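What follows is each chain in one-letter form.
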There are 2 protein chains.
Amino acid sequence: MKKYLSRPEEFVLLVLYQIEGEAYGNNIRKKLAEVTGKYWSIGSVYVPLDRLENKGLVKSFTGKITPERGGRAKRCYEITKGGLERLAELQKAHNTLWSKMPNLSFGEDK
Amino acid sequence: MKKYLSRPEEFVLLVLYQIEGEAYGNNIRKKLAEVTGKYWSIGSVYVPLDRLENKGLVKSFTGKITPERGGRAKRCYEITKGGLERLAELQKAHNTLWSKMPNLSFGEDK
DNA sequence: TCCATTTCTTCTAATCTATAGAACATTTGA
DNA sequence: TCAAATGTTCTATAGATTAGAAGAAATGGA
């Protein structure tokens, strides 16, 4: 039995919460890269998204067509109540565990 | 390539940081249960610990024998510099992502 | 019209991780 | 000497991570 959201699930949900307007694959991917400073492959965005959807923690709908060059219809996502509940659960554990930690980032410019 | 510590790795490291005195299997397990309010099997403590040790993020040593009933020698763990660095990396991403979140725990007494 | 280009999603597969608990080891007290 | 207590190691199954190839759909220029 799974205890908590996995790391990618957590990050995807949090980013979903923060994106203004429609949140879809590439969008989410860019935000993840921006926020973490790391490379996120396409798969490492969609696979957790799919799993979250199967578990009912996000839901998706087809986005409006934008007047851009080409491109297939966007699949947009939003967090469900269930998703928020799982995040809340994590938040609680985080508060307990992280609030006691000092700032660890001493000269992390490697 | 792995981006961040997994959830169990994170929690084990944080708990390791917080335990006063010697931190060993059962100890860590109890603290995890206390902090999360969930059941942690023995394996779900030792498996991440082993992996963390293989990666050099914790190190272990044999604990002193205590005057208790019976029992095999304790294997005690502590975080290494590398472990703190990985935690610092997580802390940074967390701050970015979680600091914007409101408190989500509305009536979570289910 | 047709096709190259762009934008986006789906699928897949290898590797790694989570989780539970059985098995094993060591010490002590009756 | 052995049952009980206290710990750790081992192992196996299910599930997750990650990258990227393949597929799909829309657009605009020749």
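Provided above is the structure to which this section pertains.
Analysis parameters
- Residues numbered from 1 in each chain as written.
- Chains lettered and ligands numbered in written order.
- Predicted model: local features only at pLDDT ≥ 70, side-chain atom pairs only at ≥ 80, totals over all residues.
- Heavy atoms only, no water.
- Contact = heavy atoms within 4.5 Å.
- Buried area = accessible area lost by both parts, 1.4 Å probe.
- Salt bridge = Lys/Arg side-chain N within 4 Å of Asp/Glu carboxyl O.
- Polar contact = N/O pair within 3.5 Å; in protein donor to acceptor, adjacent residues only side chain to side chain.
- Helix = DSSP H or I, 4+ residues; strand = E, 2+ residues; numbered from the N terminus.
- Nonpolar A, V, L, I, M, F, W, Y, C, P; charged D, E, K, R; others polar.
- Least-squares fit on C-alpha atoms with pLDDT ≥ 70 in both.
- Buried < 20%, exposed > 50% of the residue type's maximum accessible area, 1.4 Å probe, protein only.
- Core = buried A, V, L, I, M, F, W, Y, C linked by side-chain atoms within 4.5 Å.
- Phe/Tyr/Trp six-rings, centres within 6.5 Å; stacked < 30°, edge-to-face > 60°.
- Lys NZ or Arg CZ within 6 Å of the ring centre and 35° of its normal.
- Near = heavy atom within 4 Å.

Asker: Summarise the interface of chain A and chain B; cite the residues concerned and give the values.
Answerer: Each side of the interface is counted separately: chain A has 38 residues, and chain B has 38 residues. Taken together, the two surfaces of chain A and chain B that pack against each other cover about 3800 Å², and 63% of this comes from carbon and sulfur. For the chain A face of the interface with chain B, the top three residues by lost area are Arg7, Leu97 and Trp98 of chain A, together amounting to 20%. Across the chain A-chain B interface, the total number found is four salt bridges. Between glutamate 89 of chain A and lysine 38 of chain B there is a salt bridge, with the nearest N and O atoms lying 2.8 Å from each other. In this assembly, chain A and chain B are joined by 26 residue pairs in polar contact (both at pLDDT 80 or more). The set of elements that each furnish at least two residues to the side of chain A that touches chain B consists of helix 1 (7–18), helix 2 (25–36) and helix 4 (81–98) of chain A. Here the side of chain A that touches chain B gets 13 residues from one element, more than from any other, and that element is helix 4 of chain A. Looking at side-chain class alone, the side of chain A that touches chain B contains 19 nonpolar, nine polar and ten charged residues.

Asker: Residue-level account of the relation of the copies chain A and chain B, with values.
Answerer: By a simple turn and slide, chain A fits onto chain B: the slide is 0.0 Å along the axis, the RMSD is 0.0 Å, and the turn is 180°. Given the turn and translation reported, the copies of this chain are related as if by a two-fold rotation axis. Among all residues of chain A, the minimum C-alpha distance to the rotation axis is found for arginine 7 of chain A, at 3.2 Å. Same-surface contact between copies: 100% of interface residues of chain A are shared with the interface of chain B.

Asker: I'd like a description of the pattern of salt bridges, backed by residues and values.
Answerer: All names here are of chain A. Scanning all chains against the criterion turns up 20 salt bridges over all chains. For glutamate 9, the salt bridge is made with lysine 55, and the minimal N-O distance between the two is 2.9 Å. In this pair, glutamate 9 is assigned in helix 1 and lysine 55 in the loop between helix 3 (43–54) and strand 1 (58–62), connecting sequence segments 46 residues apart. Looking at lysine 55, the relative accessible area reads 38%, which means it is partly exposed. A salt bridge links glutamate 85 to lysine 81, with the shortest nitrogen-to-oxygen separation between them at 3.1 Å. Pair noted here: glutamate 85 and lysine 81 are both in helix 4, with a separation of four residues, about one helical turn. Its relative accessible area of 34% is what places glutamate 85 among the partly exposed residues. For lysine 81, a relative accessible area of 56% translates into the label exposed. Through salt bridges with shared partners, a single network forms among Lys2, Glu9, Arg51 and Lys55.

Asker: Account for the nonpolar core, naming residues and giving values.
Answerer: With 58 residues, the main nonpolar core has Ile28 and Leu87 of chain A together with Ile28 and Leu87 of chain B as its most contacted residues. Excluding its chain neighbours within four sequence positions, the residues that come into contact with leucine 87 of chain B are Trp98, Met101 and Leu104 of chain A together with Leu5, Glu10, Leu13, Leu14 and Ile79 of chain B.

Asker: Tell me about the packing of aromatic side chains, residues and numbers included.
Answerer: This structure, assessed with the given rule, holds two aromatic pairs over all chains. One cation-aromatic arrangement involves lysine 74 of chain A over tyrosine 24 of chain A; the distance from NZ or CZ to the ring centre is 5.0 Å. Lying over the aromatic face of tyrosine 4 of chain A, lysine 38 of chain B brings its terminal NZ or CZ to 4.6 Å of the ring centre.

Asker: Please set out the protein's contact with DNA strand C residue by residue, giving values where relevant.
Answerer: If you check the shell around DNA strand C, you find 31 residues, and the closest are Tyr46 and Arg75 of chain A together with Ser6, Arg51 and Arg69 of chain B. By atom count, sugar and phosphate contribute 70% of the portion of DNA strand C lying within 4 Å of the protein. Within the contact set of DNA strand C, a phosphate oxygen lies 3.2 Å away from a side-chain nitrogen or oxygen of tyrosine 24 of chain A. In the environment of DNA strand C, a phosphate oxygen lies 3.1 Å from a nitrogen or oxygen atom belonging to the side chain of lysine 74 of chain A. Mapped by element, the contributors of at least two residues to the surface near DNA strand C are helix 2 and helix 3 of chain A together with helix 3 (43–54) of chain B. A total of four residues in the surface near DNA strand C trace back to one element, the largest contributor, which is helix 3 of chain B. Looking at the surface near DNA strand C residue by residue, the class counts come to nine nonpolar, ten polar and twelve charged.

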